[in-house]
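# Notes for the structure review
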Amino acid sequence: MSILTRILFAIALVAPLPALGAADRVALVIGMGKYEHVEPLDNPVRDATAVAETLEDIGFKVTELVDAPLQTLLKTMEDFAFRSETAELALIYFAGHGVQVQGENFLLPVDVQPRSNDDLRRQAISLDSLLAVVDRARKMRIVILDACRNNPFGGGISLASSEEQVDATGARGLVMAGGGLAASAPDRGTLVAYAAKDGNVALDGAGTNSPFARALIETLPQPGLEISLMFRQVRDKVLQDTGNRQEPYSYGSLSGVPFYLAGPAEGQEALPVDDLVTAWSSLPKEREPELVALAETGDTRSMVALAARRLNRGGDFRPADAVSWYSRAAEAGDPQAQFELARLYEEGVLVQPDPARAKALYMASADQEYADALNDVGFFYFHGMLGFDPDVSKAMEYFERAANQRHPKAQHNFAVLIDRGQVPGKGSEDAADYLYAALRAGVTEVLVTLQQKPELFTRETRAALQRRLQERDFYTGAIDGSFGPGTNRGLRRAYGLEE
């Protein structure tokens, strides 16, 4: 079976896939300036408003929240998290106070009034909670923090201890583990962009916007500017505007395909997100030196991009260079590069076939929970291919891990295996969970299969799926496993389609 179509069960449809769509890009923009108990800030609300307008102008559906207390912020985050599940990209921008306590980052609502570290955890929003809000977006997740402008609690920041202390007046104060916000390590496909490098303080700015917000507002609307290059431009603008006193920094890793927040440039075709070579080859040639510069700093995504461009037979086709770039990125530990290089060694494309090398690279990628590699390793174990001994239990383990990473084929495959009774310890309720997850992840084939041929699944699984739809207010009919117009409407709503 082709490595491009490596699935256990073909999805047989009775009609071509319809043109389906859901929300493309959503953003939650937060500005906190009128703090009630700590030092207020002049620019965050103006920054948030300007960033929100900029995002709306380039096609985002924006939720804007300013000067909100904790409970309002929590409710808005909950609502946004649900909407972001059916978006291709979910973005959060926060402007306001942020602090680091014992290595954990917190963003402060306007009613924060902590007297201890424990108070702060209860009264503020952790970065991890923001990441959880965007976690289930289908393709890409971005959190932008124009925070940590100064220490709002006064008295300096102690580096010596992370314990609560009592100041000279007898009141407890916060002792934080360093100035600025801490570095983070978000999952693949998620980027956290800070206004300043970890441990450094971002500036509120003397003008109407902070230096970081101003750079974003100027850079975001540029069509044809790939997202990694966009953040590079933002960094350069802030360094210039602050006399090198503030350097923005990004952590995490974007998905491997290029993405244009403001859309493609004039004359640039829309990009097929699943075709790595074609997608990166459409990047204008004049942008390539920027990719090379990023790659030379160790940015493995740029190395993968350059490798893909060198595999374009209609362009700058240099296969030896492609293998070199993939190899550099793979040696640096990039799981996508390991996966792509494994494919080349498996099929003997541009290199001599080397099954042992391919197997090692697939395993290295899978060990980092790269979904494509997990799914393929499961397939190899299932069929006893590429030097893997046949092992159904191992196959199930890898399929489950891939499905939990929201790999669309794995979600479908694992649901089918469960429904057929082939996964020990799992039943129809579990199969329904994976089918529901596949709907929310935008797996069109699963939606169409459930609508056109629901009998491929047992009545018990169908009824369990109806319960999932009912629990999320997508369906109000009987739980009987019979898929009529009401269930089909619920399936479409769960997928993200508006009636």
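Preceding this paragraph is the structure being described.
Residues numbered from 1 in each chain as written. Predicted model: local features only at pLDDT ≥ 70, side-chain atom pairs only at ≥ 80, totals over all residues. Heavy atoms only, no water.

## With respect to the overall build of the protein
- Each helix and strand in the protein was counted, giving 19 helices and 11 strands.
- Going through the 499 residues of the protein one by one, you find that 52% of them count as buried.
- Within the protein, contacts between residues at least 6 apart in sequence are counted, and of these 65% link residues at least 24 apart.
- Element-wise, carbon and sulfur atoms account for 48% of the exposed surface of the protein, whose accessible area totals about 21200 Å². (Helix = DSSP H or I, 4+ residues; strand = E, 2+ residues; numbered from the N terminus. Buried < 20%, exposed > 50% of the residue type's maximum accessible area, 1.4 Å probe, protein only. Contact = heavy atoms within 4.5 Å. Areas by Shrake-Rupley, 256 points an atom, 1.4 Å probe, with all protein chains shown as cover.)

## Quick word on the sheet that holds strand S10 (residues 190-194)
- Read from one edge to the other, the open sheet built from six strands follows the order S2-S1-S3-S7-S10-S11, with strand pairing classed as mixed. Two strands close off the open sheet at either side, each with one partner strand: strand S2 (61-66) and strand S11 (249-253). Pairwise comparison of adjacent strand axes, ignoring direction, gives a mean angle of 10 degrees for this sheet.
- Running at roughly 170 degrees to strand S1 (residues 25-31), helix H2 (residues 70-84) makes contact with S1, S2 and strand S3 (89-95) of the sheet.
- Running over the sheet, helix H6 (residues 227-241) touches strand S7 (140-146), S10 and S11 and is turned about 5 degrees from S7. (Pairing = 2+ DSSP bridges. Axes fitted to C-alpha atoms, helices over the stretch in contact; angles between N-to-C directions.)

## Here's the deal with the packing of helix H11 (residues 335-347) against helix H12 (residues 355-367)
- At a minimum axis distance of 8 Å, the contact between H11 and H12 shows a crossing angle of 160 degrees. Between H11 and H12, the interaxial angle falls into the category roughly antiparallel. Crossing angle aside, the handedness with which H11 passes H12 is left-handed. Residues Pro 335, Gln 338, Phe 339, Leu 341, Ala 342, Arg 343, Tyr 345 and Glu 346 of H11 pack against Pro 355, Arg 357, Ala 358, Leu 361, Tyr 362, Ala 364 and Ser 365 of H12.
- Of the residues in the contact of H11 with H12, the class split is 10 nonpolar, two polar and three charged. (Parallel < 35°, antiparallel > 145°, perpendicular 65-115°, else oblique. Left-handed = near helix turned anticlockwise from the far one by under 90°. Nonpolar A, V, L, I, M, F, W, Y, C, P; charged D, E, K, R; others polar.)

## What to know about a negative patch on the surface
- Among the surface-exposed residues, Glu 53, Glu 56, Asp 57 and Glu 64 lie close enough to one another that they form a single negatively charged patch.
- Ranked by residue count, the leading element in the negative patch is helix H1 (residues 44-57), at three residues.
- Judged by relative accessible area, which is 69%, Asp 57 ranks as exposed. (Patch = residues over 30% accessible without salt bridge, like charges linked within 9 Å, V, L, I, M, F, W, Y side chains within 5 Å. Salt bridge = Lys/Arg side-chain N within 4 Å of Asp/Glu carboxyl O. Lys, Arg positive; Asp, Glu negative; His and termini not counted. Charge placed at Lys NZ, Arg CZ, Asp CG, Glu CD.)

## Details of the pattern of salt bridges
- Tallied over the full model, the rule gives 26 salt bridges.
- A salt bridge links Arg 328 to Glu 296; the shortest N-O distance between them is 3.6 Å. Note that Arg 328 is positioned in helix H10 (residues 319-331) and Glu 296 in helix H8 (residues 288-296), a separation of 32 residues in sequence.
- Asp 321 is the salt-bridge partner of Arg 318, the closest N and O atoms lying 3.1 Å from each other.
- Sharing partners across several salt bridges, the network here consists of Glu 288, Arg 309, Arg 310, Asp 316, Arg 318 and Asp 321.

## Points about the side chain of Ser 302
- Its location among the elements puts Ser 302 in helix H9 (residues 300-309).
- With a relative accessible area of 1%, Ser 302 lands in the buried category.
- With sequence-adjacent residues up to four places away left out, Ser 302 is seen in contact with Leu 291, Leu 294 and Ala 295.

## Points about the sheet that holds strand S4 (residues 98-101)
- An order of S4-S5-S6 is seen for the three strands of this open sheet, with the pairing classed as antiparallel. The open sheet is flanked by S4 and strand S6 (125-126), the only strands paired with a single partner.
- When S4 meets strand S5 (residues 104-107), the two strands line up antiparallel, connected through four bridges. Among the inter-strand pairings, Gly 98 is bridged to a residue of S5, identified as Leu 107.

## Some points on unusual backbone geometry
- The phi dihedral of Asn 244 falls on the positive side, at around 65 degrees, and the residue is not glycine.
- Assignment of secondary structure puts Asn 244 in the loop between H6 and S11.
- Although it is not a glycine, Arg 406 sits at a positive phi angle of roughly 65 degrees.
- Within the fold, Arg 406 resides in the loop between helix H14 (392-404) and helix H15 (408-419).
- In this structure Arg 406 comes out as partly exposed when scored by relative accessible area, which is 21%.

## Focus on the packing of helix H17 (residues 444-452) against helix H19 (residues 485-495)
- Between H17 and H19, the shortest axis-to-axis distance is 10 Å and the interhelical angle comes to 175 degrees. Viewed along their axes, H17 and H19 adopt a mutual orientation that is roughly antiparallel. On H19, the residues touching Thr 444, Leu 447, Leu 450 and Gln 451 of H17 are Asn 488, Leu 491, Arg 492 and Tyr 495.
- In terms of residue class, the contact of H17 with H19 is built from four nonpolar, three polar and one charged.

## Quick look at the pairing of S10
- Of all five residues making up S10, five are buried, and the element is well covered by its neighbours.
- Here S10 shows no split at all, with Thr 190, Val 192 and Tyr 194 on one side and Leu 191 and Ala 193 on the other all buried.
- Where S7 lies against S10, five bridges are found, and the strand directions are parallel. The partner of Ile 142 across the bridge, within S10, is Leu 191.
- Examined bridge by bridge, S10 and S11 share five bridges and lie antiparallel to one another. Bridge pairing in S11 links Tyr 194 to Tyr 249.

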